[in-house]
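Observations on the three-dimensional arrangement
The residues making up each chain are set out below.
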Amino acid sequence: MAYIRLKNLSKTYKGGANAVNDVNLEIADKEFVVLVGPSGCGKSTTLRMIAGLEEVSCGEIWIDDKLVNDVPAKDRNIAMVFQNYALYPHMTVFENMAFGLKLRNYPKAEIEKRVHEAADILGIKKYLDRRPRQLSGGERQRVAVGRSIVRKPSVFLFDEPLSNLDAKMRVQMRTEIHKLRLRLQTTFIYVTHDQTEAMTMGDRIVVMKDGVIQQSADPMSIYDNPANKFVASFIGSPPINMMTGRIIKRDHKFFFDEGKFQVKLIEEMCPKMSRYEGQEVLLAIRSEDIYDKLFASEASADNTVRATCEVVEPLGSEVFLYLTSGQHSFIARVGAHDRPEVNRDMDLVFDMSKVHFFDTQTEETIV
């Protein structure tokens, strides 16, 4: 069992720089939690404090029912996989995987058993006699994971383990880590700046910025219901489209007025948006929620926008359209059959049931 609780956790370095600020987080036994955010947001520092590699400036770290702030890293029953593999170049794969067990004075037979079991799980048995320089990046990362598996820890910590791999290998290793998690049935905490990794791997995503948790929820809740402008813009590829405009009322109906175009708010939004009448707000809409009017089933003048298509980017199964209308540029993701002419105007339909609005001052979600 490995239940983790972070209570008012903070890290301040000499000079007053706050890396982590008052983080409160509970991670259930066997949960896969991903800490995601831009460089310098505090995610790796949080992970290192859990591991015992960084001192806690303020707050508490609980593993199960034990406060571990003053417990040395080696006694926390936690294994960490680093970005740079951290393998000993002069040792074979077997020796690298066995090293931690030897330090703990495990019997030779038990070491042999654990190393071969881990190597079998990871498909690296044939590499046990090789040295790290004879392996590819993906193979080295498997060895680094294997070195953690042999210890049979209660918690696995991954600090951007795939960032040094090429795109194809990253996809493959994501799948392998998925399989590993299902097989080991233990708690995983995974740090990444790659929102695609976060969306595809975690039971829950914790989005961080400037040392503060912005939102914690399952991947689709984060994607569909972002708590603020930062979360909406960070999660999703391509990034969510953002447009500034005013909320106006006409004929007892509310509209978002960009200046060049207007779109009508759906009825469910009006109670919350009515208090912003006459004020500037941010409208956000994802690329897949903008349709070519020629192929849209629910198009009307109230949700149609005239835009100029500047770039058409075919990606095989889909096409990205880079467009401008009024003061704003935005991207639409359409079907492979939809190839409008460049530098031509076209009519686009906004799915207003999928639109988000943010307060321009607080940047918090309105609706």
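The structure reproduced in this document is the subject of the present report. (Residues numbered from 1 in each chain as written. Predicted model: local features only at pLDDT ≥ 70, side-chain atom pairs only at ≥ 80, totals over all residues. Heavy atoms only, no water.)

Here's the deal with the overall build of the protein
Along the backbone of the protein there are nine helices and 20 strands. Taken along the three principal axes of its C-alpha coordinates, the protein extends 80 × 45 × 35 Å. Residue burial in the protein is summarised as follows: out of 367 residues, 49% are buried. For the protein, restricting intrachain contacts to residue pairs at least 6 apart in sequence, the fraction spanning at least 24 positions comes to 66%. Element-wise, carbon and sulfur atoms account for 47% of the exposed surface of the protein, whose accessible area totals about 17600 Å². The average position of the 49 basic charges and that of the 51 acidic charges among the side chains of the protein differ by 8 Å. (Helix = DSSP H or I, 4+ residues; strand = E, 2+ residues; numbered from the N terminus. Buried < 20%, exposed > 50% of the residue type's maximum accessible area, 1.4 Å probe, protein only. Contact = heavy atoms within 4.5 Å. Areas by Shrake-Rupley, 256 points an atom, 1.4 Å probe, with all protein chains shown as cover. Lys, Arg positive; Asp, Glu negative; His and termini not counted. Charge placed at Lys NZ, Arg CZ, Asp CG, Glu CD.)

Looking at helix H5 (residues 167–184)
In a regular helix each residue adds 1.5 Å, so 18 residues correspond to 26 Å; H5 covers 26 Å between its end C-alpha atoms and thus fits that length. Regarding H5, the residues found buried are Met173, Arg174, Ile177, Leu180 and Arg181. An end-on view of H5 places all buried positions within 125° of arc, on one side of the element. Exposed and facing more than 90 degrees away from the buried side of H5 are Lys168, Lys179, Leu182 and Arg183. The inward-facing, buried residues of H5 contact strand S3 (32–36), helix H3 (108–122), helix H4 (137–149), strand S7 (155–159), strand S8 (187–192) and helix H6 (195–201). By the N-cap criterion, in which a side-chain oxygen at the helix start approaches the backbone nitrogen of a residue two or three places on, H5 is capped by aspartate 166, the distance to lysine 168 being 3.3 Å. (Expected span 1.5 Å × (residues − 1). Arc of directions from axis to C-beta. Polar contact = N/O pair within 3.5 Å; in protein donor to acceptor, adjacent residues only side chain to side chain.)

Some words on the sheet that holds strand S15 (residues 290–292)
In space, the five strands of this open sheet follow the order S15-S19-S16-S17-S18, with antiparallel pairing throughout. Single-partner strands in this sheet number two, and they are S15 and strand S18 (328–335). Within this sheet the neighbouring strands show an average axis-to-axis angle of 50°, counted without direction. Sheet analysis places S15 next to strand S19 (residues 344–350), joined by three bridges and oriented antiparallel. (Pairing = 2+ DSSP bridges. Axes fitted to C-alpha atoms, helices over the stretch in contact; angles between N-to-C directions.)

Description of the packing of aromatic side chains
On inspection of all chains with the given rule, the structure shows eleven aromatic pairs. Ring geometry for phenylalanine 261 against phenylalanine 350: centres 6.1 Å apart, planes inclined by 70°, an arrangement best described as edge-to-face. Here phenylalanine 261, found in the loop between strand S12 (253–257) and strand S13 (262–264), pairs with phenylalanine 350, found in strand S19; they are 89 residues apart in sequence, far enough to count as distant. Phenylalanine 350 sits in the buried class, given a relative accessible area of 0%. An aromatic cluster is built from Phe32, Phe156, Phe158, Phe188 and Tyr190, whose rings are joined through pairwise contacts. Above the plane of the ring of phenylalanine 255 lies arginine 250, whose end atom (NZ or CZ) is 4.1 Å from the centre. The ring of tyrosine 223 has arginine 286 sitting right over it, with the charged end atom 3.9 Å from the ring centre. (Phe/Tyr/Trp six-rings, centres within 6.5 Å; stacked < 30°, edge-to-face > 60°. Lys NZ or Arg CZ within 6 Å of the ring centre and 35° of its normal.)

With respect to the packing of helix H2 (residues 93–103) against H4
Between H2 and H4, the least distance of the axes is 8 Å, while the angle of their chain directions is 30°. Taken together, the axis directions place H2 and H4 in an arrangement best described as roughly parallel. Considering how the two elements wind past one another, H2 and H4 form a crossing that is right-handed. Between H2 and H4, the residues in contact are Val93, Asn96 and Met97 and Val143, Gly146 and Arg147, respectively. Its residues assigned to classes, the contact of H2 with H4 shows three nonpolar, two polar and one charged. (Parallel < 35°, antiparallel > 145°, perpendicular 65-115°, else oblique. Left-handed = near helix turned anticlockwise from the far one by under 90°. Nonpolar A, V, L, I, M, F, W, Y, C, P; charged D, E, K, R; others polar.)

A short note on the pattern of salt bridges
Applying the stated criterion to the full structure yields 15 salt bridges. With its nearest N and O atoms 3.7 Å apart, the salt bridge here joins glutamate 54 to lysine 11. On the criterion of sequence distance, the pair formed by glutamate 54 in the loop between helix H1 (43–51) and strand S4 (58–63) and lysine 11 in strand S1 (residues 4–12) is long-range, its members being 43 residues apart. Residue classification places lysine 11 among the buried positions, given a relative accessible area of 9%. With its nearest N and O atoms 3.3 Å apart, the salt bridge here joins glutamate 288 to arginine 333. With glutamate 288 in the loop between strand S14 (280–285) and S15 and arginine 333 in strand S18, the pair connects residues that are 45 residues apart, well separated along the chain. Of the residues examined, glutamate 288 reaches a relative accessible area of 26% and is grouped as partly exposed. One network of salt bridges, with partners in common, ties together Lys11, Arg48 and Glu54. (Salt bridge = Lys/Arg side-chain N within 4 Å of Asp/Glu carboxyl O.)

What about the environment of glutamine 141?
Relative to the helices and strands, glutamine 141 is located in helix H4. Note on glutamine 141: relative accessible area 1%, which makes it buried. Separated by 93 residues in the primary sequence, glutamine 141 and arginine 48 have C-alpha atoms spaced 19 Å apart. Here glutamine 141 is in contact with Val81, Phe82, Gln83, Tyr85, Pro161, Leu162 and Met173, once residues within four sequence places are set aside. A distance of 2.3 Å separates the side chain of glutamine 141 from the backbone oxygen of proline 161, its partner in a polar contact.

Focus: H1
Counted residue by residue, H1 has seven buried out of nine residues, so it is predominantly covered. Among all positions in H1, only Lys43, Thr45, Thr46, Leu47, Met49, Ile50 and Ala51 are buried. Following H1 by one or two positions, glycine 52 adopts a phi angle in the positive range, close to 90°.

Comments concerning unusual backbone geometry
In this structure, the amide linkage connecting serine 237 to the following residue, proline 238, adopts the cis form with an omega of 0°. With respect to the helices, strands and loops of the structure, proline 238 is situated in the loop between helix H8 (229–234) and strand S11 (241–250). Located in the positive-phi region is asparagine 105, a residue other than glycine, with phi close to 60°. The backbone of glutamate 160 shows a phi angle near 45°, a positive value even though the residue is not glycine. Turning to its location among the elements, glutamate 160 is positioned in the loop between S7 and H5. A relative accessible area of 12% means that glutamate 160 is categorised as buried.

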